[in-house]
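# Structure at a glance
Chain by chain, the residues run as shown.
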Amino acid sequence: MLARKGLLPDGFLLTRLAEDSTQPNRFRTKSQRARFITKSGSCNVAHKNIREQGRFLQDVFTTMVDLKWQHSLLIFTSAFLCSWMLFAMVWWLLAFAHGDLEPRDPHDPGHVPCVTAIHSFTSAFLFSIEVQVTIGFGGRMVTEECPLAITVLIIQNILGLIINAVMLGCVFMKTAQANRRAETLIFSRNAVIAPRNGRPTFMFRVGDLRKSMIISATIQLQVIRRTVTAEGEVVPVCQLDIQVENPLRSNGIFLVSPLIISHTIERGSPLYEVSAQSLLNEDLEIIVILEGVVETTGITMQARTSYIPDEILWGRRFVSIMTEEDGRYSVDYSKFGNTVPVRMPALSAKELDHTRGVQDNGPHEGKPQGWGLVRAGRGGYRRGGSRACEDNAARPWYVPAEKDDEEKGKEKKGQKKTVKLEVIGREIEEETTEDMSD
């Protein structure tokens with residue numbers, strides 16, 4: 001869409017075409033699914049059978065700003081033409097009532113018209129335009145003969161200023177709308193699910209084409225899916241928030257270069273039970289909302305897009321597009337949406353946890369059983385085998401082992417003792433020697 005508007009170079013359009021040719025085409029034959037947010041960020045909801053249309057007239061300014069450009073220009077032109085025509089009729093009637101339209105000798109000083117040089121409706125229309133837009137060619141003017149003409153002149157000036165303010169305000173707001181800044185914020189056409197740090201992760205890429213930054217940028221993810229309650233009620237729109245992977249536990253981002261936004265699929269995630277096969281049949285839509293303040297204008301803006309299951313690629317990862325050249329970073333937007341395949345099982349995150357032996361309940365929920373690293377001597381590690389699982393099956397990893405009779409006897413006699421501190425994934429063994437005296 002951006003390339004069609006001329007905001008992106010042709011290379012980016014070629015990138016999108018190349019991206020389409022490299023992606024799997026198993027979804028091309030499917031019918032287009034309905035979505036709430038289009039790829040361009042507009043709302044894809046049609047409102048029908050609205051009976052209270054008068055509510056839109058209570059907020060005329062917002063209604064006019066929301067109109068399309070062709071409708072706004074039509075209203076803009078019609079407002080001025082109607083006002084000029086209306087006051088032209090008033091000036092013509094005023095001249096007709098005063099007898100200014102009757103043929104008279106121009107050298108006869110006995111008759112003073114209300115408005116000079118008005119002889120027909122055309123001349124009255126020209127005078128109406130001159131008054132409202134303050135052109136003043138000097139051939140027509142209001143005289144002090146008719147106080148009513150002076151009153152009409154004041155009313156037309158005030159009404160003309162109001163029309164100018166409203167129309168120009170609407171045009172300014174339409175040209176300075178916050179969604180115009182969103183046209184230079186781009187999202188990857190497809191999202192991917194790939195392993196990251198050993199966990200399946202949902203990822204997509206976002207970038208800003210302008211050099212002026214978005215201040216206090218935040219990004220939110222929501223899943224919209226159809227659910228059925230325990231009572232059998234069908235909820236067509238169920239919105240669930242998705243936590244963006246961020247060590248600061250916030251959704252704030254620094255959009256200085258294209259970023260890959262990720263969401264780790266773990267327990268509590270709406271995608272926890274989604275596998276490569278079930279993804280094709282899922283009725284969900286992941287909506288991305290990016291909000292921030294435009295640095296140059298200070299206007300709050302919002303950019304939106306969405307991903308449906310057909311646009312989520314399983315087992316693929318985005319390629320790197322940033323390089324360092326001559327002491328500065330360079331971004332190659334020709335590879336913005338390109339992905340490469342990675343090795344990844346087709347199982348869901350829940351199935352992977354069950355395969356690794358993650359228990360659903362218990363005090364050590366989410367901890368792998370039999371997969372922890374057990375230290376095998378100083379400086380070395382070995383994986384815990386079946387023996388470790390059998391010996392410690394009923395005892396969590398954080399519970400210290402019971403001391404045998406020999407160690408208890410050594411402690412009583414004041415001999416040396418060895419204490420082992422085991423931490424899952426990272427175990428530290430400390431040996432201290434001290435004499436214990438009574």
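Being a predicted model, the structure only gives us computed values, none of them experimental.

Parameters and conventions
- Residues numbered from 1 in each chain as written.
- Predicted model: local features only at pLDDT ≥ 70, side-chain atom pairs only at ≥ 80, totals over all residues.
- Heavy atoms only, no water.
- Helix = DSSP H or I, 4+ residues; strand = E, 2+ residues; numbered from the N terminus.
- Expected span 1.5 Å × (residues − 1).
- Contact = heavy atoms within 4.5 Å.
- Axes fitted to C-alpha atoms, helices over the stretch in contact; angles between N-to-C directions.
- Parallel < 35°, antiparallel > 145°, perpendicular 65-115°, else oblique.
- Left-handed = near helix turned anticlockwise from the far one by under 90°.
- Nonpolar A, V, L, I, M, F, W, Y, C, P; charged D, E, K, R; others polar.
- Core = buried A, V, L, I, M, F, W, Y, C linked by side-chain atoms within 4.5 Å.
- Buried < 20%, exposed > 50% of the residue type's maximum accessible area, 1.4 Å probe, protein only.
- Disulfide = S-S within 2.5 Å.
- Phe/Tyr/Trp six-rings, centres within 6.5 Å; stacked < 30°, edge-to-face > 60°.
- Lys NZ or Arg CZ within 6 Å of the ring centre and 35° of its normal.

For the rest of this paragraph, the subject is helix H5 (residues 121–132). Residues spaced three or four apart along an α-helix face the same direction, because each turn holds 3.6 residues. With 12 residues, H5 should reach 16 Å at 1.5 Å per residue; the first-to-last C-alpha distance of 17 Å fits that figure. Elements in contact with the buried residues of H5: helix H4 (69–98) and helix H6 (147–175). Count one or two residues on from H5 and you reach Thr134, which has phi positive near 55°.

The next subject is the packing of H5 against H6. Two numbers describe how H5 lies on H6: the axes approach to 9 Å, and their chain directions differ by 60°. In terms of axis orientation, H5 runs oblique to H6. Of the two elements, H5 crosses H6, and the hand of that crossing is right-handed. From H5, Ser128, Val131 and Gln132 reach across to H6, where they touch Leu153, Gln156, Asn157, Gly160 and Ile163. Of the residues belonging to the contact of H5 with H6, the class tally is three nonpolar, five polar and no charged.

The next thing to look at is the nonpolar core. The biggest cluster of nonpolar side chains holds 36 residues, and the ones touching the most others in it are Phe202, Phe204 and Leu290. Secondary structure elements with two or more residues in this core: strand S1 (185–187), strand S2 (191–196), strand S3 (199–208), strand S4 (214–228), strand S7 (284–294), strand S8 (300–307) and strand S9 (312–314). What Leu290 contacts, discounting residues up to four positions off in sequence, is Leu185, Phe187, Val206, Thr218, Ile219, Ile253, Leu255, Met301, Gln302 and Ala303. By size, the runner-up hydrophobic cluster in this structure holds 13 residues, among which are Ala95, Cys114, Ala124 and Cys146.

Bringing the state of the cysteines into the picture now. The final tally for this structure, using the stated rule, is one disulfide. The disulfide that involves Cys114 links it to Cys146, with 1.7 Å between the sulfurs. Between Cys114 and Cys146, the disulfide has an S-S torsion of -50° and is therefore left-handed. A residue pair is termed long-range when its members are at least 10 positions apart, and Cys114 in the loop between H4 and H5 and Cys146 in the loop between H5 and H6 qualify at 32 residues. According to the relative accessible area criterion, Cys146 is buried, its value standing at 8%.

All right, on to H4 then. Between its first and last C-alpha, H4 extends 44 Å over 30 residues, near the 44 Å set by a 1.5 Å rise per residue. Along H4, the positions that sit buried rather than exposed are Ser72, Phe80, Ser83, Trp84, Phe87, Ala88, Trp91, Leu94 and Ala95. Elements in contact with the buried residues of H4: helix H3 (60–66), H5 and H6.

The tally for this structure, following the rule as stated, stands at eight aromatic pairs. Ring geometry for Trp91 and Phe127: centres 5.0 Å apart, planes at 85°, overall edge-to-face. Of this pair, Trp91 sits in helix H4 while Phe127 is found in helix H5, placing the two residues 36 residues apart along the sequence. Take Trp91: its relative accessible area is 1%, and that puts it in the buried class. A relative accessible area of 3% places Phe127 in the buried class. Arranged with centres 5.7 Å apart and planes meeting at 15°, the rings of Trp92 and Phe96 form a pair that is stacked. Here the residue Trp92 and the residue Phe96 both occupy positions in helix H4, the gap between them amounting to four residues, near one helical turn. By relative accessible area, which is 25% here, Trp92 ends up partly exposed. Lying over the aromatic face of Trp69, Lys174 brings its terminal NZ or CZ to 5.1 Å of the ring centre.

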